[in-house]
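# A closer look at the structure
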Amino acid sequence: MDDINTTSNEITNENVNFETRINLGPLLDHVNTIKKEIETVIVGQHKMVDQLLVSILSNGHVLLEGVPGVAKTITAKLLAKTLNIGFSRIQFTPDLMPSDILGTSIFNLKNSEFEFKKGPIFSSLILIDEINRAPAKTQAALFEVMEERQITIDGSAYQLEAPFLVIATQNPVEQEGTYRLPEAQLDRFLFKITIDYPKLNEEILIIQREHSLQDHGKLDAIKTILSAEEIKEYQGLVKQIRVEQNLLEYIARIVVNTRENAFLYLGASPRASIAILNASKGFAAIRGRDFVTPEDIKEAAIPVLQHRVIVAPEREMEGISSPEIIKQIIETVEIPR
C-alpha cells in the first residue's frame, strides 16, 4: 500500500512539474512562420536565419559578414518587415559623424532653448550597412547604446525603448576605405554570422525566382508576424529556460580554454560566457525545448566566440582561422553527462 501511495505521489509531482513548464507553443508557431516568410525570398542560409531569430530572442546584436551580393542587407530588411517594430537603416561612410547617428541639439528661436533632435539610432531594429566604413570616432558612438540601450548627450541620458537590436553588415574582402572594428565593439555583438556563397542548386533557384518576379518587389508579399510586445514576452520566456549546473560549468570551461590556448593571442571575456548562455537558451527555444542541452551550447559557441578571440600571428600566417580553433576547443572539452 505504501508503495502504491509513493508511486501515486511521484506521478502527481511529475504532473505538477510538467504543468509548470514554459509554454513555447506560440513562440514556435511565430518562429516557423517567420522562417517561411524569409524563405520565400532567401534561398538556403537556414543556419543564418536560425541565428538571427535566436539573437532576437536573446536580445543580442548581430554582425553579418560576407562578400557583396550574398543577401546580407536584404535579409536584415526581410527580418525587419516580419516584425511590427520601428526600423532604421544607417549607411556608414568615412565622413559620417556621431551626431548623424545619435542626434544633435538644435537651438529653437521660438523659446530660445536648445532642443534635442533624435537621430536614426532611436528605433527598435537598426540596420547598419558597411559598419567598417566609419572611422573610430563614429564607431565609439555605438558603444553605450549597444551595451546599455541608452545614449548620453550634453549630460542627459536618453533610454531606448525595448526591443532594441542592431544588425550590422561588413565586407571582409575590401580593405580600401575601411576601418577595423575595435575589440570593445566586436565584444558587444552576440553573434558574428559568416555568410558563404550559395551552392549550385541554390544559385539556380535564386536565378529562377528573380526571373519570375518580373516587376514585383522582393519584399512586397512579406507579412508582419511579431509585435514589440510579443518579442518582449518571448525574450522573457527564453530567460526562464532551464540550464543545469554541469552545463554552466561546461560553458565556463570552453571560454577559459580560449584564454589558455596557445593558438590564440587573446581569449574570450566573461561577457562571452554570458552570451553563450543566452544564445544556447535561444537555440533550445526554437527547437521547442524548455531546457538547454550540450548541443545547444556547441551550436552557440562558434558564432559567439569567433569575433571575440584573436588568433596568434604565427598561426594566422599558417592560415588557421578562429572558427577552426574554437571547434578544436569544443572537441577537447569533455561533454557533461
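Anything mentioned here points back to the structure above.
Residues numbered from 1 in each chain as written. Predicted model: local features only at pLDDT ≥ 70, side-chain atom pairs only at ≥ 80, totals over all residues. Heavy atoms only, no water.

### Looking at the environment of T73
Within the element layout of this structure, T73 appears in helix α4 (residues 72-82). With 16 residues separating them in the primary sequence, T73 and R89 have C-alpha atoms 9.7 Å apart. Apart from the residues within four sequence positions on either side, T73 is in contact with R89, L127, D129 and T169. A distance of 3.0 Å separates a polar atom in the side chain of T73 from a polar atom in the side chain of D129. (Helix = DSSP H or I, 4+ residues; strand = E, 2+ residues; numbered from the N terminus. Contact = heavy atoms within 4.5 Å. Polar contact = N/O pair within 3.5 Å; in protein donor to acceptor, adjacent residues only side chain to side chain.)

### Regarding empty space enclosed by the protein
For the structure on display, the rule yields two cavities of 30 Å³ or more. Around the largest cavity, the lining residues are S55, I56, N59, G60, L83, I85, S124, P163, F164, L165, I231 and Q235. For the lining of the largest cavity, the elements supplying multiple residues, two or more each, are α3 (46-57) and α9 (228-239). Within this model, the second largest cavity holds a volume of roughly 50 Å³. Lining the second largest cavity are V31, I34, L53, I56, L57 and L226. When residues of the lining of the second largest cavity are traced back to their parent elements, those giving at least two are α2 (25-39) and α3. With three residues, α3 is the single largest residue contributor to the lining of the second largest cavity. Residues of the lining of the second largest cavity, tallied by class, amount to six nonpolar, no polar and no charged. (1 Å grid on protein atoms, 1.4 Å probe; cavity = no way out; pocket = protein on both sides within 12 Å on 5 of 7 lines; lining within 4 Å. Points joined across faces, edges and corners; volume = space filled by probe spheres on them. Nonpolar A, V, L, I, M, F, W, Y, C, P; charged D, E, K, R; others polar.)

### Description of unusual backbone geometry
Omega for the peptide link from A162 to P163 comes to 0 degrees, which places this bond in the cis form. At N59, a position not held by glycine, the phi torsion is positive, near 60 degrees. Within the secondary structure, N59 is located in the loop between α3 and β1 (61-65). Relative accessible area serves as the criterion here: at 33%, N59 is assigned to the partly exposed category. (Buried < 20%, exposed > 50% of the residue type's maximum accessible area, 1.4 Å probe, protein only.)

### Digging into a nonpolar patch on the surface
On the surface, F107, L109 and F114 cluster together to form a nonpolar patch covering roughly 390 Å² of accessible area. Within the secondary structure, L109 is located in the loop between β4 (103-108) and β5 (113-118). (Patch = residues over 30% accessible without salt bridge, like charges linked within 9 Å, V, L, I, M, F, W, Y side chains within 5 Å. Areas by Shrake-Rupley, 256 points an atom, 1.4 Å probe, with all protein chains shown as cover. Salt bridge = Lys/Arg side-chain N within 4 Å of Asp/Glu carboxyl O.)

### Remarks on the sheet that holds strand β6 (residues 125-129)
Strand order in the open sheet formed by five strands is β3-β6-β9-β1-β10, and the pairing between neighbours is parallel. Every other strand in the sheet has two partners, leaving β3 (87-91) and β10 (189-194) as the edge strands with one partner each. Taking each pair of neighbouring strands and ignoring which way they run, the sheet shows an average axis angle of 15 degrees. (Pairing = 2+ DSSP bridges. Axes fitted to C-alpha atoms, helices over the stretch in contact; angles between N-to-C directions.)

### Quick look at the side chain of E130
Assignment of secondary structure puts E130 in the loop between β6 and α6 (136-148). Since its relative accessible area comes to 19%, E130 is described here as buried. Here E130 is in contact with Q91, F92, T169, Q170 and N171, once residues within four sequence places are set aside.

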